[in-house]
Amino acid sequence: MSRYFFFAMTALVGGLLIATPVQSCSRVLWNDSGQSVVVGRNMDWFEDIRSNMWILPRGMERNGLAETNPLRWTSKYGSVIVSCYDVGTADGINEKGLAGHLLYLPETSVGPRDESLPGLCMSMWVQYYLDQFATVEEAVNSYKEHPYQLQMAVEPSSGKAVTVHIALNDSSGDSAVIECINGKIKFYHDRSYTVMTNQPSFDKQLENLKQYRGFGGEKRLPGTHEPADRFVRGAYYVKHLPKPTSEREAIAAMMSVMRNVSAPFGIADPERPNVSTTIWRTVTDLSKGVLYYDSVFSPQVFWVDTKKVNFDSGQPVRKLTLIENYDLAGEVSGEFVPTPMFDFLAPE
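Residues numbered from 1 in each chain as written. Predicted model: local features only at pLDDT ≥ 70, side-chain atom pairs only at ≥ 80, totals over all residues. Heavy atoms only, no water.

Section: unusual backbone geometry
- Between Gln199 and the following residue, Pro200, the backbone shows a cis peptide bond with an omega angle of 5 degrees.
- Residue position: Pro200 is located in the loop between strand E16 (195-196) and helix H3 (202-209).
- The phi angle at Arg50 is positive, at roughly 55 degrees, despite the residue not being glycine.
- With respect to the helices and strands, Arg50 occurs in the loop between strand E2 (38-44) and strand E3 (53-56).
- Taking relative accessible area as the criterion, Arg50 reaches 35% and is therefore assigned partly exposed.
- One non-glycine residue, Asn182, lies in the positive phi region at around 55 degrees.
- Among the structural elements, Asn182 can be located in the loop between strand E14 (175-181) and strand E15 (184-189). (Helix = DSSP H or I, 4+ residues; strand = E, 2+ residues; numbered from the N terminus. Buried < 20%, exposed > 50% of the residue type's maximum accessible area, 1.4 Å probe, protein only.)

Dropping the structure here:
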């Protein structure tokens, strides 16, 4: 994922945002394990998206970066996020156990600007929800009373526009997929919506799933790296996971699913960012508030326990450098260092 991460990318995820095309990716939620509620996400792209990890405290003043009538808010909740090119939030969890994930969707289109609605740049879409809401239901319902309009961003060096959709999930196991097509924001809100990849749009993915064994059809499990095939495999694998006997086993099981819907080195195609190499993945324990990070360039997994983080207003923004930092292991909440906040990519 070069610096296109957020663009409409001719064919441009797993989100986050930017600097060349956007990302392809996979997200799978396991909300009936009998242990923790856990969610996994793969970040697939054709190049390094220069991700870092950030701790963002409560009380941060933000606006949606629209030139006229930007959406404005002050963060109610602190969060731990993974950036993309340090210009947007691709993935993360807040202190209440709400997690968000940004993935590529080429069908995205926001329509002409309606200045009567507060504007929100897509580079901030996930962060808006992490900042403001404790549950998926609260996040979904908020739009009814406080609608906003999404705005695309264009990365200067690529000329690509941001085309993405997002998934939200919380510690109760609730789930929502949010897409914007032809200027209309659509919320798919149901605990059963546990898988998301890239195109086609979510409604068409659900229809496609019905063709396969175990979901109403007779087709056998598909095996390509195409988004629709990864969607089917993710749904199949999570459906057939054995009940874990511990939280550790639940995390390991979800990691195995995400590795099975990953893409190996050698298949990345800059012209089709929706079919790209997996470069990192996260598995997040929403019940315990722990985010696990697994880079394909590192032999070990590390994690951040949000219960060990001070998110108080007035605390500094803190950064954990991931770029070429391959020795991280274990719980790393104490290794973040105060760092000026990055600038979110603005719309054009």
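Resuming the write-up.
Considering the sheet that holds strand E8 (residues 99-104)
- Strand order in the open sheet formed by nine strands is E15-E14-E13-E8-E7-E6-E3-E20-E22, and the pairing between neighbours is antiparallel. Each edge of the open sheet is held by one strand with a lone partner, namely E15 and strand E22 (337-338).
- Where E3 lies against strand E20 (residues 318-320), three bridges are found, and the strand directions are antiparallel. What sits directly across from Met53, in E20, is Leu320.
- Where helix H1 (residues 125-132) meets the sheet, it contacts E3, strand E6 (79-83), strand E7 (89-94), E8, strand E13 (164-169), E14 and E15, and its direction lies at approximately 10 degrees from that of E7. (Pairing = 2+ DSSP bridges. Contact = heavy atoms within 4.5 Å. Axes fitted to C-alpha atoms, helices over the stretch in contact; angles between N-to-C directions.)

Points about the packing of aromatic side chains
- By the definition in use, this model includes 17 aromatic pairs.
- In textbook terms, an aromatic cluster arises when at least three aromatic residues are bridged by ring pairs, as seen for Trp73, Tyr128, Tyr129, Phe133, Tyr143, Tyr148 and Phe187.
- If you follow Lys186 out to its NZ or CZ, it ends over the ring of Tyr188, 5.3 Å from the centre.
- When the ring centre of Phe215 is taken as reference, the NZ or CZ atom of Lys239 above it lies at 4.7 Å. (Phe/Tyr/Trp six-rings, centres within 6.5 Å; stacked < 30°, edge-to-face > 60°. Lys NZ or Arg CZ within 6 Å of the ring centre and 35° of its normal.)

Things to note about the pairing of E6
- Most of E6 is tucked away: five of the five residues are buried.
- Of the two faces of E6, the one holding Ser79, Ile81 and Ser83 and the one holding Val80 and Val82 are both buried throughout.
- Here E3 pairs with E6 via four bridges, running antiparallel. Residue pairing in the sheet places Met53 in a bridge with Val82 of E6.
- Two elements, E6 and E7, share five bridges in a ladder whose sense is antiparallel. By the bridge assignment, Val82 is partnered in E7 with Asp91.

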